[in-house]
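Take a look at the letters that make up each chain.
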Amino acid sequence: SSHLERCVGSSRRPPTPPAAMPSIQALVADELEDYGNGEELLDYVSEGEGEPFDSLEKPIVKDESFPNAVVICNVPIIGQNKFTKLMAVMSKLVDKFGDAEKEMPFNEEGTTTEGFLIVNYKSFKDNNTIDDVCDQLSGMSLDKSHVLKVVKMDTFDSIANRRDEFEAVRTLSAFSRADFRDWLSDKKCREQILLRYQTETEIYWHDMMAAQPVLCYGGEREKAAKKVWCDWRVHWSPEGSYIATFHQQGIALWAGPEFEKKVRLPHPDVKEIQFSPNEEYLLMWNGALPQQNDDNAVKIYRVLTGECVRRCRTPQVTPLGDDFPHFLWSPDAKYLAECNDSHITVRDTDAWDIIPNESGKRTAMKLEALKTFQWSPKDNVIAAWTLEKDNNPARLVLMEIPSRKELSKRTRTQCEAEMFWQSEGDFLCLQVTKLSKTKKRIETNLEIFRIRERNTPVDIVTIKDIVKGFFWETGGNRFATITADEQGHKPRLYIFVCGKEKTEKIVEFDLPSNSFNSVIWAPEGQYFVVASVAAATGVSSSGDLLFAGLTGRDEALEILHKDEHYMLTNVQWDPSSRYIITAVTQPMQNDSLGYRSSMEAGYAIWTFQGRKLHQQQKEKLWAVDWRPHPPSLLPKQKQKHVRDNIKQYTKRYDALDDQDKESARQAFRREREDKTNAFLAILERLNEVKAERMEETGWTEARDEFLEGQNWAQEKEISEQQLGVTEELISG
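Values in this document were obtained by computation on a predicted structure and should not be read as measured data. (Residues numbered from 1 in each chain as written. Predicted model: local features only at pLDDT ≥ 70, side-chain atom pairs only at ≥ 80, totals over all residues. Heavy atoms only, no water.)

*Asks:* Pulling in residues and values, what's your account of the overall build of the protein?
*Replies:* Helix and strand counts for the protein stand at 11 helices and 42 strands. Burial status across the protein gives 39% buried among its 732 residues. Within the protein, counting contacts between residues at least 6 apart in sequence, those at least 24 apart form 48% of the total. Element-wise, carbon and sulfur atoms account for 48% of the exposed surface of the protein, whose accessible area totals about 45200 Å². (Helix = DSSP H or I, 4+ residues; strand = E, 2+ residues; numbered from the N terminus. Buried < 20%, exposed > 50% of the residue type's maximum accessible area, 1.4 Å probe, protein only. Contact = heavy atoms within 4.5 Å. Areas by Shrake-Rupley, 256 points an atom, 1.4 Å probe, with all protein chains shown as cover.)

Shown next, in the form of structure tokens:
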């Protein structure tokens, strides 16, 4: 900056203000003392202090700004022999914006340039501005060592006068997150449920004592202001801090005990969203197809500030095979990955640059015939599966990010495969189905990779039948599979455990129906629900439910309850593993499929043992979801201690539950007594009205005369009957 300062001129810096203002005569004397006739000139100066400053005209202020000038830094330093050639190259870059004067200063010796170019535009072409020059030329690379940095000339003083110590300046406003998790400190330890049905969006407390969900917030504030809380869909964030509502203009995020609006993130006609795991970023997609070349199809915002940090077109390939998502976040949200048929591109979320390879070059990772890839749920490790191509076998590759180090790989031929990560990233299952030359399925191998162990050993479990589904236990080392024979009959449930030395089968159970297709494990493991869930294609289901668990040290299967929820589409455990929601929902974007389930739309809440607590029909039920929990702050050892001593901790809550139950009983009795008394009061008033009318019309007197003429007499008769005799000997 010292070279640049010398060339531009240090006179532009504002002078230091004097300590006190001297008199007019003193100033004149100082100016004239160098002149020989200074004393004679003083005779013409008034002896007074002159006119008041307030009455004088304002001084003329020089315009020291350079609104159309820029400084291009990091230009190659060259000698006199290459000056003309470099100036021609730089002229091509700057002259496309308009007619400009250019100055590339030399050092004091005149041997080499100083490494920057000063450009002053006289006029601009095609409605370009000085901002366009800075935006388009900044970051342009002449070669590996020379990436241009363009700054406005008017910012020179602020750059040259910066302090040596960096001081961060916050230019974007942010909101407080102090009360975002107050709901977790609910004294009754209740969970929250989100309902989206018809045009309503409501959040409920799941209150066992109330026997039904209790409304927490239903958009009353927005309704009073005649506003719409949600136009379309609604989602919880991964840790439950925010609720995201879809609108035509974009996404709004709500949080806090009163669900107040915290930030609006504009993206017209947004169709899908994807939070980063730590809720720092929100990715939004407007549904544009790759061939539409929409540069704003995907936008990524920093949630806390509402700043758009990246925008791009829709990628050609989705890594998981569905329409969305096109990008996958790393578990710590430090990286974002996308892919095509032959490459995986990983960007860091600090500068959104592609991570460099071993030589420092920022390139995508090449994987020919790439089929899919997934991040580990806990580590920055990518598992990628590639297909057979040109005599190259299909293979699984495990890569560490950002080093790109290959941790393990397996090759296979004549097969199809799927990958399933365990929730803690300790295991990876590669489900390999062997195929004959006619593409007929022969058998299935479950290859269990032990990620935490040295050299990543692999256990292989062979299953002869067709595997309909694979399901890891949440947070555990067990997994379940549902199988059937070639005709789709004889459904079986298998459960395996990954022991210290090998993977063993611990459960084999014949399922009572062919319709079972899913196993949903509780967040804390051990308990699970086997269900018949409707497919995403709209095929209805019988809704069969089997509540079960693994009990005892021998991990024996215990069937707790069997039930059904006809046309079932959703099964979801609450974060505490105590309750389950089953629901029949309708897709908002497909009315033809939604019509099939419209008559059965609704939800039910069950205990983990299968006892139904509440059921309610809801016309046009779009979504029902438990509020997610953030990760526990307790270390695993402390969590294990709590589980082992659960009875000690539950005594206080049992007492509170007893108090709540007694309060509920008393409230029920009071309500019943109030309703009974109100009914009796109505009867009494009716009897009084009846008596008055009968008295007025003479019915009472006529009835008495009629009864007297009948000569009826009232007699009392007592009948006694011995029902039995019991003799009991009482010893003295």
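*Asks:* Describe the sheet that holds strand E17 (residues 307-312), and please don't skip the residues or the numbers.
*Replies:* Across the sheet, 4 strands lie side by side as E14-E15-E16-E17; this open sheet has antiparallel pairing. The open sheet has two edge strands, strand E14 (272-275) and E17, and neither has a second partner. Each strand axis lies, on average, 20 degrees off the axis of its neighbour in the sheet, ignoring direction. Two strands pair when backbone bridges link them, and strand E15 (residues 281-285) and strand E16 (residues 298-302) are joined in this way by 5 bridges, in the antiparallel orientation. When the sheet's bridge partners are listed, Met-284 is paired in E16 with Lys-299. (Pairing = 2+ DSSP bridges. Axes fitted to C-alpha atoms, helices over the stretch in contact; angles between N-to-C directions.)

*Asks:* Describe the pairing of strand E34 (residues 518-521), naming the residues involved and giving the relevant values.
*Replies:* Here E34 shows two buried faces, one formed by Ser-518 and Ile-520 and the other by Val-519 and Trp-521. Judged from the 4 bridges that link them, E34 and strand E35 (residues 527-531) form a sheet pairing that is antiparallel. Of the residues in E35, the one forming a bridge with Trp-521 is Phe-528. Adjacent in sequence and paired antiparallel, E34 and E35 are bridged by 5 residues, among which Gly-525 carries a positive phi angle near 75 degrees.

*Asks:* Any details on the pattern of salt bridges? Residues and values, ideally.
*Replies:* All chains considered together, the criterion is met by 39 salt bridges. Arg-302 is paired through a salt bridge with Glu-280; the nearest N and O atoms lie 3.9 Å apart. Here Arg-302, found in strand E16, pairs with Glu-280, found in the loop between E14 and E15; they are 22 residues apart in sequence, far enough to count as distant. Overall, the relative accessible area of 35% leaves Glu-280 in the partly exposed class. Across the pair Lys-505 and Glu-508 runs a salt bridge, and its minimum N-O distance is 3.2 Å. Salt bridges linked by common partners bring Asp-465, Arg-492, Lys-505, Glu-508 and Asp-510 together as one network. (Salt bridge = Lys/Arg side-chain N within 4 Å of Asp/Glu carboxyl O.)

The quantities given are spatial measurements derived from coordinates; they are silent on function.
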